[in-house]
Amino acid sequence: MARNPAAQTAFGPMVLAAVEHNEPPGRRLVDDDLAGLFVPRPLRWLVGATRSDVFRRLLISSSEWSGPGLWANLACRKRFIGDLLQAAGNDIDAVVILGAGLDTRAYRLTRQVRIPVFEVDLPVNVARKAKTVRRVLGELPLSVRLVALDFEHDDLLTALAEHGYLTEYRAFFICEGVTQYLTEDGVRRTLEGLRATAPGSRLVFTYVRRDFIDGTNRYGTRTLYRTVRQRRQLWHFGLQPDEVAGFIADYGWRLVEQAGPDELAQRYVEPTGRKLKASQLEWSAYAEKT
């Protein structure tokens, strides 16, 4: 199976979610009881060690060295997406998770509702996900469909339709931590693929700021910049907050809400009493199909 550098980034967010679950409930930013089971064995050992308060604090502090504020960003965006999905409730007929990686949201969602959930990702990630789900749950839930796709080259709607997706679905699309790994052509191709979705469908996505991609502002994350832009060329695409509404409007989406890191930290971090700052590098946006 061919290795893909972007595909190797699927582990980080799940380690974060698993470590967060070891926080006491009142301090927890992410409540995901499956995350620790979905990561590979060596990472499960690491996560297990973070049941110790001292080791957990050390791990979170060390993450700030390479990406100051990114721990809070990743945790808060997961909460933000979860809140929006819950609020959508009966107004949606399906959930589509773009770039699903090892995310457990689909499997936690099946505990509450029985709507179809489509997990879309690179073939290497889909194969890894299928193997992981079999290991943890025994079999894939009937309501979850795994869709292998290359966002840069394949037609999204066609791939979804081959797995039972119907264009009349009012779908809730989640694109978390994905857009930066695509080229602008890949992002536009994905949005073009969603043009035929039913009115009332929702889209929540995250993006990094374009001035980080072009190197004019590194937001205090020089180590991260060297990794994702200079050494490995993993990140390609970014937007500025004032560009988002116009960018998605070209594909029939109306911007409903845009949440910056300070707002999300105030909403989710401050009530826990934790002293975590968020980076201005990444923002979240929520839109509705017109």
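Everything that follows concerns the structure shown earlier in this document.
The structure displayed is predicted, hence computed values, not measured ones. (Residues numbered from 1 in each chain as written. Predicted model: local features only at pLDDT ≥ 70, side-chain atom pairs only at ≥ 80, totals over all residues. Heavy atoms only, no water.)

A. Seen up close, the overall build of the protein chain. Within the protein chain, the secondary structure is distributed over 13 helices and seven strands. Whereas a compact globule of 290 residues would reach a radius of gyration of roughly 19 Å, the protein chain reaches 18 Å, a difference of no more than 12%. Overall, the C-alpha framework of the protein chain stretches about 50 × 45 × 40 Å when taken along its three principal axes. Of all 290 residues assigned to the protein chain, the portion counted as buried reaches 55%. Taking all contacts inside the protein chain whose residues are at least 6 apart in sequence as the whole, residues at least 24 apart take part in 75%. Summed over its atoms, the accessible surface of the protein chain is roughly 13100 Å², and 52% of this surface lies on carbon and sulfur atoms. Looking at the protein chain, you have 40 positive and 35 negative side-chain charges, and the mean spots of the two groups are 7 Å apart. (Helix = DSSP H or I, 4+ residues; strand = E, 2+ residues; numbered from the N terminus. Rg over C-alpha atoms; globule rule 2.2 N^0.38 Å. Buried < 20%, exposed > 50% of the residue type's maximum accessible area, 1.4 Å probe, protein only. Contact = heavy atoms within 4.5 Å. Areas by Shrake-Rupley, 256 points an atom, 1.4 Å probe, with all protein chains shown as cover. Lys, Arg positive; Asp, Glu negative; His and termini not counted. Charge placed at Lys NZ, Arg CZ, Asp CG, Glu CD.)

B. Local environment of the side chain of Glu176. If you trace the backbone, Glu176 turns up in the loop between strand E4 (171–175) and helix H9 (184–193). Not counting chain neighbours up to four residues away, the residues in contact with Glu176 comprise Leu74, Arg77, Lys78, Ile81, Leu98, Asp103, Arg105 and Thr206.

C. Representation of helix H13 (residues 261–269). Listed as buried for H13 are Pro261, Leu264, Ala265, Tyr268 and Val269. Down the axis of H13, the smallest arc covering the buried residues is 100°, so these residues share one side. The exposed residues of H13 that point more than 90 degrees off its buried face are Asp262 and Gln266. For H13, the secondary structure elements touched by its buried residues are helix H5 (70–88), strand E6 (253–259) and strand E7 (282–289). (Arc of directions from axis to C-beta.)

D. Expanded view of the nonpolar core. The biggest cluster of nonpolar side chains holds 51 residues, and the ones touching the most others in it are Val95, Tyr107, Phe172, Ile174 and Val204. Per-element tally for this core: the top contributor is H5, with ten residues. Other than its neighbours up to four places away in sequence, Val95 contacts Leu85, Leu109, Ile115, Pro116, Val117, Phe118, Phe172 and Ile174. Formed by 35 residues, the second largest nonpolar core is a distinct cluster that contains Ala171, Leu203, Ile248 and Trp253. (Core = buried A, V, L, I, M, F, W, Y, C linked by side-chain atoms within 4.5 Å.)

E. Representation of the sheet that holds E7 within the structure. The seven strands lie next to each other as E3-E2-E1-E4-E5-E7-E6, forming an open sheet whose pairing is mixed. Of all the strands in the sheet, the pair left with one neighbour each is strand E3 (144–148) and E6. In this sheet, adjacent strand axes meet at a mean angle of 20° when their direction is disregarded. Across seven bridges, the pairing between strand E5 (residues 202–208) and E7 is antiparallel. Note that in E7 the partner of Val204 across the bridge is Tyr286. (Pairing = 2+ DSSP bridges. Axes fitted to C-alpha atoms, helices over the stretch in contact; angles between N-to-C directions.)

F. Expanded view of the packing of helix H1 (residues 11–21) against H5. Running from amino to carboxyl end, H1 crosses H5 at an angle of 80°, the nearest separation of the two axes being 10 Å. Overall, the two elements H1 and H5 adopt an arrangement that is roughly perpendicular. Residues Pro13, Leu16, Val19 and Glu20 of H1 form the contact with H5, whose own contacting residues are Trp71, Leu74, Ala75, Arg77 and Lys78. Tallied by class, the residues present in the contact of H1 with H5 amount to six nonpolar, no polar and three charged. (Parallel < 35°, antiparallel > 145°, perpendicular 65-115°, else oblique. Nonpolar A, V, L, I, M, F, W, Y, C, P; charged D, E, K, R; others polar.)

G. Examining unusual backbone geometry more closely. We note that Tyr219 has phi near 50°; this positive angle belongs to a residue other than glycine. You can see Tyr219 is positioned in the loop between helix H10 (210–213) and helix H11 (222–231). According to the relative accessible area criterion, Tyr219 is buried, its value standing at 17%. Phi angles above zero are rare outside glycine, and Gln233 is one such case at about 50°. With respect to the helices, strands and loops of the structure, Gln233 is situated in the loop between H11 and helix H12 (244–249).

H. The environment of Gln240, seen in detail. Here Gln240 lies in the loop between H11 and H12. For Gln240, a relative accessible area of 16% gives the class buried. A C-alpha to C-alpha distance of 7.6 Å links Gln240 and Asp211, two positions 29 residues apart in sequence. The residues contacting Gln240, other than those within four sequence positions of it, are Tyr207, Arg209, Arg210 and Asp211.

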